[in-house]
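Descriptive structure summary
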Amino acid sequence: MNLPFISAATCCIHRGAKNHSGDDTMLDLKLMQKNPELVRESLKRRGSTLDVQEFLTMDEKRKALIAEVEELKAERNKAGGEIARLKREKQDASEIMERMAVVSARVKELDGELNEVEAAEKEWLMAVPNIPHEDVPFGESEDDNPDVRYWGEKPTFDFAPKEHWELGAELDGLDFERAAKLTGSRFCVQKGWAARLERALAQFMLDTHVTEHGYTEMVVPTIVNRTTMTGTGQLPKFEEDLFKLENWEYYMIPTAEVPLTNLYSGEVLDEDQFPILFCAHTPCYRSEAGSYGKDTKGLIRQHQFYKVEMVNFAHPDHSYQALENMTACAETILKKLKLPYRVIELCTGDIGFSAAKTYDIEVWLPGQDKYREISSCSNCEDFQARRANIKFQPKDSKKKLYAHTLNGSGLAVGRTLVAVLENYQQADGSLVIPEALRPYMGGLEVVTP
RNA sequence: GGAGAGGUAGCGAAGUCCGGCCGUAACGCGCUCGACUCGAAAUCGAGUUACGGGUACCCCCCGUACGUGGGUUCGAAUCCCACCCUCUCCGCCA
């Protein structure tokens with residue numbers, strides 16, 4: 001059976017009724033064929049060791065097999081009509097039938113080989129990361145990410161500012177010990193004001209995006225199937241980062257980007273629907289495999305945290321403007337909270353698998369004396385749209401095109417709570433509630449020990 | 001958990017019992033273009049799947065796809081097996 005690469009394939013076991021007919025090809029097959037140098041160069045810039053030649057060899061083999069098998073199939077189809085005619089006319093067709101038995105056996109053989117090559121090719125393609133935009137600066141690691149801009153004044157303290165977990169515990173808001181008892185490490189119980197602050201932040205963020213930025217608020221599943229995880233690029237490569245339900249091909253989302261972006265998988269959008277702006281407040285689950293020893297204390301790196309996520313579907317001509325807009329939306333939250341931050345651009349060595357260009361927003365944490373990531377905004381161009389098969393119908397052409405998808409945190413709620421704690425702490429051990437949040441906190445201005 | 005119905009183009013839907021002239025897929029809707037009209041509606045006419053391969057522009061030719069995967073057969077939307085999804089009723093449940 002012939003598995004088309006760019007369209008209606010079905011590499012995944014789980015396939016929704018109608019809207020998951022998407023192929024899960026990662027890169028444009030044609031791009032690989034026509035311009036392998038570009039891909040080779042892109043992989044090199046990312047520091048990947050994937051060998052483009054390996055793919056090209058497979059593709060040659062695939063084409064040769066297709067040529068052979070299709071010739072036989074054409075012959076078989078012709079003979080089929082002939083057999084039908086002879087039988088209708090009550091004539092003997094056994095000679096053709098015998099010959100076709102041989103042809104069919106050969107077809108079956110070749111189809112088997114073809115399937116193997118296509119599966120291997122697909123596996124290879126699925127492991128290729130997106131091609132970074134040509135403007136993305138070269139770099140080998142996060143140390144090479146250039147600053148883009150800074151905002152706000154770092155607060156000054158006439159005492160040694162505490163880290164958030166210390167302050168949170170002293171104010172009886174954060175309880176890591178009991179969370180460890182309930183589950184294990186990297187979980188937290190939030191109590192009283194800290195629980196409400198979490199809710200206030202989420203609500204404040206959602207309200208801002210909905211009423212000021214034009215986003216549509218969504219509630220989506222936070223457990224999704226394998227196809228959905230593949231559509232946005234979490235699978236097949238990063239399975240170990242995910243929590244998976246036992247005995248199910250279901251996964252807990254590491255970000256609402258996954259369900260929000262896949263909302264339109266297998267669909268064709270209207271050009272004038274753009275830009276489509278969705279946001280959602282969801283829990284996020286990450287195994288944090290490989291991060292042993294990193295941020296072991298506090299709320300920074302948890303197995304479960306809440307995030308308000310923004311997802312855009314954009315016209316290819318406007319997706320980079322959309323990325324600037326989305327980043328500004330995330331920054332707005334920090335500005336309203338009066339939290340100092342900086343924006344950096346991820347270099348080729350640090351950019352995520354699915355992204356073509358990414359801005360990270362880092363908030364200032366006085367307790368840690370560092371900027372820490374609180375948002376990441378990416379333009380994935382058509383990378384996810386290909387995998388999830390999200391197209392749109394341009395007005396001025398017949399050909400359907402892939403949409404561009406973007407995603408960004410707006411913001412990670414837990415980390416925002418950390419930033420509020422560390423930036424708004426007072427000498428007497430109390431915590432001032434940022435003005436923007438007070439309406440959501442029943443007017444509360446200060447949390448005291 | 002029990003019983004039943006269903007999955008075919010952008011949508012609805014025929015075809016499945018009795019395998020082949022039924023997949024550029026009947027019929028209807030929608031959409032595009034044209035005719036009529038001052039213009040519009042109505043009406044009439046024409047067009048309208050995706051991908052892969054040959055030719056890496058178009059045309060054209062060939063192949064594949066009727067939820068998914070397998071089986072039977074010279075040949076499968078149609079017959080057989082397994083699975084997925086949707087809907088209805090019953091039971092249970094926040």
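These figures come from a predicted structure and were not determined experimentally.

**Looking at the packing of helix α3 (residues 52-88) against helix α4 (residues 94-126)**
Where α3 meets α4, the closest approach of the two axes is 8 Å, and the angle between their N-to-C directions is 155 degrees. Taken together, the axes of α3 and α4 are roughly antiparallel relative to one another. The interaxial crossing formed by α3 with α4 has left-handed handedness. For the contact of α3 with α4, the per-class residue count stands at 21 nonpolar, 1 polar and 15 charged.

**Observations regarding a negative patch on the surface**
A cluster of acidic residues, E140, E142, D143 and D144, forms a negative patch on the protein surface. Relative to the elements of secondary structure, E142 occurs in the loop between α4 and β1 (147-151). Since its relative accessible area comes to 58%, E142 is described here as exposed.

**Observations regarding the environment of C380**
Mapped onto the elements of the fold, C380 is located in the loop between β13 (370-379) and α11 (383-388). For C380, a relative accessible area of 2% puts it in the buried group. If sequence neighbours within four positions are ignored, C380 has contacts with N130, S354, A355, A356, T405 and N407.

**Some points on the state of the cysteines**
For the structure on display, the rule yields 0 disulfides. With no disulfide partner, C188 has as its closest neighbouring cysteine sulfur the one in C284, 16 Å distant. Lacking any disulfide linkage, C347 is separated from the closest cysteine sulfur, that of C380, by 17 Å.

**Looking at the sheet that holds strand β8 (residues 268-270)**
Here 3 strands make up an open sheet; going across it, the order is β8-β14-β15 and the pairing mixed. Each edge of the open sheet is held by one strand with a lone partner, namely β8 and β15 (401-402). For strand β14 (residues 391-393) and β15, the ladder comprises 2 bridges, and the chain directions are antiparallel. Within β15, the position partnered with F392 by the bridge is L401.

**Remarks on the packing of helix α2 (residues 36-46) against α3**
Contact geometry of α2 with α3 gives a least axis separation of 10 Å together with a crossing angle of 145 degrees. Side by side, α2 and α3 meet where P36, V39, R40 and L43 of the first sit next to V52, Q53 and L56 of the second. Broken down by class, the residue content of the contact of α2 with α3 amounts to 5 nonpolar, 1 polar and 1 charged.

**Details of the sheet that holds strand β4 (residues 216-218)**
Ordered in space as β1-β11-β12-β13-β16-β10-β9-β4, the 8 strands form an open sheet in which the pairing is mixed. Two strands in the sheet have a free side with no partner beyond their single neighbour: β1 and β4. Geometrically, the sheet is characterised by an average inter-axis angle of 25 degrees between neighbouring strands, direction not taken into account. Packed on one face of the sheet, helix α10 (residues 319-336) meets β1, β10 (304-314), β11 (341-345), β12 (357-365), β13 and β16 (404-412) and runs near 5 degrees to β16. Across the sheet, helix α12 (residues 413-423) touches β9 (276-285), β10, β12, β13 and β16, and the angle it forms with β16 is around 40 degrees.

**Brief notes about the packing of aromatic side chains**
Scanning the entire structure with this criterion turns up 13 aromatic pairs. Taking 5.6 Å as the distance between ring centres and 20 degrees as the angle between the ring planes, the aromatic pair formed by W151 and Y341 counts as stacked. Pair noted here: W151 is in strand β1 and Y341 is in strand β11, with a separation of 190 residues, a long-range link. The exposure class assigned to Y341 is buried, which follows from its relative accessible area of 1%. Relative to F313, the ring of F278 has its centre 6.2 Å away and its plane inclined at 80 degrees; by these criteria the two rings are edge-to-face. Placement of the pair is F278 in strand β9 and F313 in strand β10, with a sequence separation of 35 residues. We classify F278 as buried; its relative accessible area is 7%. Through a chain of ring-to-ring contacts, three or more aromatic side chains come together here, namely Y150, W364 and Y371. Of note, K154 hangs over the ring of W364, and the distance from its end group to the ring centre comes to 4.0 Å.

**Comments concerning the pattern of salt bridges**
Following the criterion strictly, the structure yields 22 salt bridges and no others. Residues R301 and E288 are paired through a salt bridge, measuring 3.3 Å at the closest nitrogen-oxygen approach. One end of the pair, R301, is in the loop between β9 and β10; the other, E288, is in the loop between β9 and β10, and 13 residues separate them in sequence.

**Observations concerning unusual backbone geometry**
Note the cis peptide between F274 and P275, where omega equals -10 degrees. Cis geometry marks the peptide bond from G410 to L411; its omega dihedral reads 10 degrees. Locating L411 in the fold gives a position in strand β16. In this structure, D295 takes a positive phi of about 45 degrees despite not being glycine. Mapping D295 onto the fold places it in the loop between β9 and β10. For N389, which is not glycine, the phi dihedral falls at a positive 55 degrees. Turning to its location among the elements, N389 is positioned in the loop between α11 and β14.

What counts and how
- Residues numbered from 1 in each chain as written.
- Chains lettered and ligands numbered in written order.
- Predicted model: local features only at pLDDT ≥ 70, side-chain atom pairs only at ≥ 80, totals over all residues.
- Heavy atoms only, no water.
- Axes fitted to C-alpha atoms, helices over the stretch in contact; angles between N-to-C directions.
- Helix = DSSP H or I, 4+ residues; strand = E, 2+ residues; numbered from the N terminus.
- Parallel < 35°, antiparallel > 145°, perpendicular 65-115°, else oblique.
- Left-handed = near helix turned anticlockwise from the far one by under 90°.
- Nonpolar A, V, L, I, M, F, W, Y, C, P; charged D, E, K, R; others polar.
- Patch = residues over 30% accessible without salt bridge, like charges linked within 9 Å, V, L, I, M, F, W, Y side chains within 5 Å.
- Areas by Shrake-Rupley, 256 points an atom, 1.4 Å probe, with all protein chains shown as cover.
- Salt bridge = Lys/Arg side-chain N within 4 Å of Asp/Glu carboxyl O.
- Lys, Arg positive; Asp, Glu negative; His and termini not counted.
- Charge placed at Lys NZ, Arg CZ, Asp CG, Glu CD.
- Buried < 20%, exposed > 50% of the residue type's maximum accessible area, 1.4 Å probe, protein only.
- Contact = heavy atoms within 4.5 Å.
- Disulfide = S-S within 2.5 Å.
- Pairing = 2+ DSSP bridges.
- Phe/Tyr/Trp six-rings, centres within 6.5 Å; stacked < 30°, edge-to-face > 60°.
- Lys NZ or Arg CZ within 6 Å of the ring centre and 35° of its normal.

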